[in-house]
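Residue-level structural notes
In case you want the letters, here they are:
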Amino acid sequence: MTDSSTLRQAQGDASLNAKIVEPTLFDLSSPGRVGVSFPDPDVPRAELPESLLRADLPLPELAEVDVVRHYMRLSQFNYSVDGGFYPLGSCTMKYNPKINEDTCRLPGFTATHPLQPIETVQGNLALMFTLQEWLKEISGFAAVTLQPAAGAHGELTGVLIMRAYHKARRDAKRVKMLIPDAAHGTNPASSAMSGLQVMQIPSDARGNVDLAALRSACDETVVGLMLTNPNTLGLFDEHIEEVVKIVHDCGGLMYGDGANLNALLGILRPADVGFDVMHFNLHKTFAVPHGGGGPGSGPVGVAAHLADFLPAPIVGIVEEGSDEEPPLFGFITPAKTIGRVKAFHGQFGALVRAFTYIAMHGPDGLREIAEYAVLNANYLLARLRKTYHVPYDRICMHEFVAEGKVEGSDVRALDIAKRLMDYDFHPPTNYFPHIVHEALMIEPTETENKDTLDRFADALIKIAEEAKAQPELLHDAPTKTPFGRMDEVKAARELVLCCWLPEDYEKK
Ligand SMILES: *Cc1c(COP(=O)(O)O)cnc(C)c1O
C-alpha cells in the first residue's frame, strides 16, 4: 500500500534509535489476502447501505497468521513481570499468580451486567461484600468503597471525603493540605483537583516527617496530612504516633497513601495508628496486573466518623439471612455520600483477582508476604550499600533508595538504569523521590528468590566497575534491546502514538 511508513521515518529519527526495522501491517499487506472466512449465509444477502462503505479507508490485507505473528513479535519487544525481575520502586511489580486470571474469567463473573436485578447477581455481590470485609480487617477501617479505579482516583475520593467532613461540621476555614516532600506526585495533584491549597512539609535527616515543620504548619486552616507510611524512601516514620497527634490536635485528618501496604500486611493496621482514610492499590499489594497489564483498582477505607461520606452505592446486606436463607446483598447509599466517583461498581475483574489472592494466602500468608518483601529489600540493601551510597541508611521496609552515582565516574542514575537492561533486568524507578539526587528506588517484592536477588546485586556491582573502567558502556546503553537509548525529551515533545499514517496525512 505504501513503501514508506511513518514508523520507518520515525526509526530514522534520533528520538527512537531503533536497531531493527519492524514492518508495519501495511508493509506486509498484499491485495487479496484475507484473515476471515465467513460461511455461506443461510438468509438472502442484503446490500449494505452505501454510507457505511468507505472505499477510501486504506486497510491492510493480511492472513490471520500474518497478523498473529506481527503482534506476537511486537509483544516480545516488551519487558514484563512474567518475563523477568522488575524492581520498579513504589510500583510493587509482584508476580501475578495465574489462578487469579482463571477465576476472573469464570462465566458467572464475565457474563453478568451491572444493571441486572440484584437477585440474579448475588454471587458477584457476595464477592464484593466479602472483599470489603477483608479490606476492613486488613486495614482496621470501619467501612470500604470499591469504586475508585486506581490509587490516584482513591486519593481524589479520600480527599473529597475529608473536605465533605469539614464542610458538614461547618468548619469552612480548612483549605490547606499538608504533604511531605517525599510524597508521590499524585498526592498534591489530588488535593489541587479537590480545590485545596498544598503546603509542602520537609523530611528530617532520618527520612521522617520533620516534626518542628509539621507543628508550625498545623493550624485551623488545615484539612489534613497526606502521608505515605512506609514513605517513598522505604522508611517507616519513627514518630508516626506523634505525627498523627499533631495533625489531630489541630483538627486535621490523616490521609494514608496505601501504595506501600505490602510492607505492613498482617503486621500493622493503618487505622490502629490513627489514619482516618486510606486508599488501597489492589494492583500493587494484591497482585492485580498493572502498567500495560490491565486496569487498576483503588478502594478507599475510612474510619467510622467518615463512613457516612463514602461514595454511593456500596455493597451491603439489604435483607438479613436466617438459618435457612442466605442474606440478600444489594446496594446501600451512605447518609452524607459525596456521590458516585465511577460508573457502575469499580473494576470488577480486578476485584475478583484481589479476592482470589487474599483467599489463597489467608491471614498467615498475607503476613508472610510482608515479611518476605521486607527481608528481600533489606538483603539487597545489605549487598549494595557499599557500592552505591544510600543517603537515608537504616533498616528499610519493602524498598530503599540509593544514589545512582559512582565515585570517579560521570555516570548518572539514568545510565545505570539503562545498562541494567543489557543484563536483562527492568530498571528500578529513577529520579523519584525528588529528595534524593540521582535516585534509584529499588523494590524487589516478596516473589523473587535469593538467586534472582543475587544476580541483580551482582549486575549492579559489575555496572559500578564498568562505570569507572568503561563508562561509555553505560552512556551507550542499552545495546542489547530492540531499541537503543531514546531521546526522552524529543519523544515526549513530539509524541508519535500512531505507527503508521497515510502519506497524505496532515498534522492537525
Ligand atoms: C502508585 C502510587 C500512587 C498512585 O497509584 P496509581 O494506582 O498509580 O494511581 C500513589 N502513591 C504512591 C506512593 C504510589 O506508589
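The structure reproduced in this document is the subject of the present report.

Rules used throughout
- Residues numbered from 1 in each chain as written.
- Predicted model: local features only at pLDDT ≥ 70, side-chain atom pairs only at ≥ 80, totals over all residues.
- Heavy atoms only, no water.
- Phe/Tyr/Trp six-rings, centres within 6.5 Å; stacked < 30°, edge-to-face > 60°.
- Helix = DSSP H or I, 4+ residues; strand = E, 2+ residues; numbered from the N terminus.
- Buried < 20%, exposed > 50% of the residue type's maximum accessible area, 1.4 Å probe, protein only.
- Core = buried A, V, L, I, M, F, W, Y, C linked by side-chain atoms within 4.5 Å.
- Contact = heavy atoms within 4.5 Å.
- Polar contact = N/O pair within 3.5 Å; in protein donor to acceptor, adjacent residues only side chain to side chain.
- Arc of directions from axis to C-beta.
- Disulfide = S-S within 2.5 Å.
- Axes fitted to C-alpha atoms, helices over the stretch in contact; angles between N-to-C directions.
- Parallel < 35°, antiparallel > 145°, perpendicular 65-115°, else oblique.
- Left-handed = near helix turned anticlockwise from the far one by under 90°.
- Nonpolar A, V, L, I, M, F, W, Y, C, P; charged D, E, K, R; others polar.
- Near = heavy atom within 4 Å.
- Areas by Shrake-Rupley, 256 points an atom, 1.4 Å probe, with all protein chains shown as cover.
- Pairing = 2+ DSSP bridges.
- Salt bridge = Lys/Arg side-chain N within 4 Å of Asp/Glu carboxyl O.

In the structure shown here, the tally under the stated rule is 10 aromatic pairs. Considering the side-chain rings of F77 and F483, the 6.3 Å spacing of their centres and the 70 degrees angle between planes classify their relative orientation as edge-to-face. Of this pair, F77 sits in the loop between α3 (64–76) and α4 (98–104) while F483 sits in the loop between α16 (471–475) and α17 (488–493), and the two are 406 residues apart along the sequence. Given the relative accessible area of 30%, F77 is considered partly exposed. Residue classification places F483 among the partly exposed residues on the basis of a relative accessible area of 21%. A centroid spacing of 5.1 Å and a plane angle of 45 degrees characterise the contact between F129 and F329, whose relative ring orientation is tilted. With F129 in helix α6 (residues 122–139) and F329 in strand β9 (residues 328–332), the pair connects residues that are 200 residues apart, well separated along the chain. Since its relative accessible area comes to 11%, F329 is described here as buried.

Ranked by size, the top nonpolar core spans 58 residues in total, and within it L135, L214, L282 and F286 carry the most contacts. Of all the secondary structure elements, the ones that give two or more residues to this core are α6, α9 (211–217), β4 (222–228), α10 (240–249), β6 (277–280) and α13 (348–384). Beyond its immediate stretch of four places on either side in the chain, L214 contacts L178, I201, V209, L225, V243, I246 and V247. Judged by nonpolar contacts, the second largest core, of 27 residues, contains L384, V411, L420 and L474.

A few words on the side chain of D422. Along the chain, the position of D422 falls in helix α14 (residues 413–422). For D422, the side chain forms a polar contact with the main-chain nitrogen of K480, separated by 2.8 Å. Not counting the four nearest positions on each side in its chain, D422 is found in contact with A477, P478, T479, K480 and T481.

This part takes up α10. Where α10 is concerned, the buried positions are I240, V243, V244, I246 and V247. The arc that holds every buried residue of α10, seen down its axis, measures 160 degrees, which confines them to one face. For α10, the exposed residues lying more than 90 degrees away from the buried face are E241 and D249. In this fold, the buried residues of α10 make contact with α9, β4, β5 (253–258) and α11 (270–273). Where α10 ends, the next residue or the one after it, G251, has phi of about 85 degrees, a positive value.

Right, let's get into the state of the cysteines. As used in these notes, a disulfide is a covalent bond between sulfur atoms, one from each of two cysteines. This structure, assessed with the given rule, holds zero disulfides. Cysteine C91 shares no disulfide, and the gap to the nearest cysteine sulfur, in C396, comes to 17 Å.

We now examine the packing of helix α7 (residues 151–168) against helix α8 (residues 186–193). Contact geometry of α7 with α8 gives a least axis separation of 9 Å together with a crossing angle of 45 degrees. As far as their axial angle goes, α8 and α7 are oblique. Seen along the crossing, α7 lies across α8 with a hand that is right-handed. In this structure, α7 uses A152, E155, L156 and V159 to contact α8, whose residues at the interface are T186, N187, S190, S191 and M193. When grouped by side-chain class, the residues that make up the contact of α7 with α8 number four nonpolar, four polar and one charged.

On to the site of the ligand. Taken together, 13 residues surround the ligand, and among them S90, G151, D257, H283 and K284 come closest. A152 places a polar main-chain atom, nitrogen or oxygen, 2.8 Å from an oxygen atom of the ligand. Side-chain polar atom of H283 to an oxygen atom of the ligand: 2.6 Å apart, as the coordinates give it. Coverage of the ligand by the protein chains reaches 86% of its 380 Å² of free accessible surface. Secondary-structure elements contributing two or more residues to the shell around the ligand are α7 and α12 (282–285). Counting residues per element, the shell around the ligand draws most heavily on α7, which supplies three residues.

Quick look at the sheet that holds β5 now. By definition, the strands of a sheet pair up through backbone hydrogen bonds, in either a parallel or an antiparallel sense. Reading across the sheet, the seven strands line up as β1-β7-β6-β5-β4-β2-β3 and stay open at both edges, with mixed pairing between neighbours. At either margin of the open sheet sits one strand with a lone partner, and together these are β1 (143–145) and β3 (197–201). The average undirected angle you get between the axes of adjacent strands in this sheet is 25 degrees. Here strand β2 (residues 176–180) runs beside β4; their pairing, made up of three bridges, is parallel. Bridging from a neighbouring strand, K176 pairs with V222 of β4. Of the strands in this sheet, β2, β4, β5, β6 and β7 (300–302) are in contact with α7, which crosses β5 at around 170 degrees.

Once that is clear, we can look at the side chain of N124. Counting through the fold element by element, N124 comes out in helix α6. Taking the relative accessible area as the measure of exposure, N124 reaches 11% and is therefore buried.

Looking now at the pattern of salt bridges. Scanning the entire structure with this criterion turns up 24 salt bridges. Note that D82 and K98 form a salt bridge whose closest N and O atoms lie 3.3 Å from each other. Here D82 is found in the loop between α3 and α4, whereas its partner K98 is found in helix α4, with 16 residues between them in sequence. The shortest N-O distance in the salt bridge between K176 and D219 comes to 3.6 Å.

Nothing here speaks to function; it is geometry throughout.
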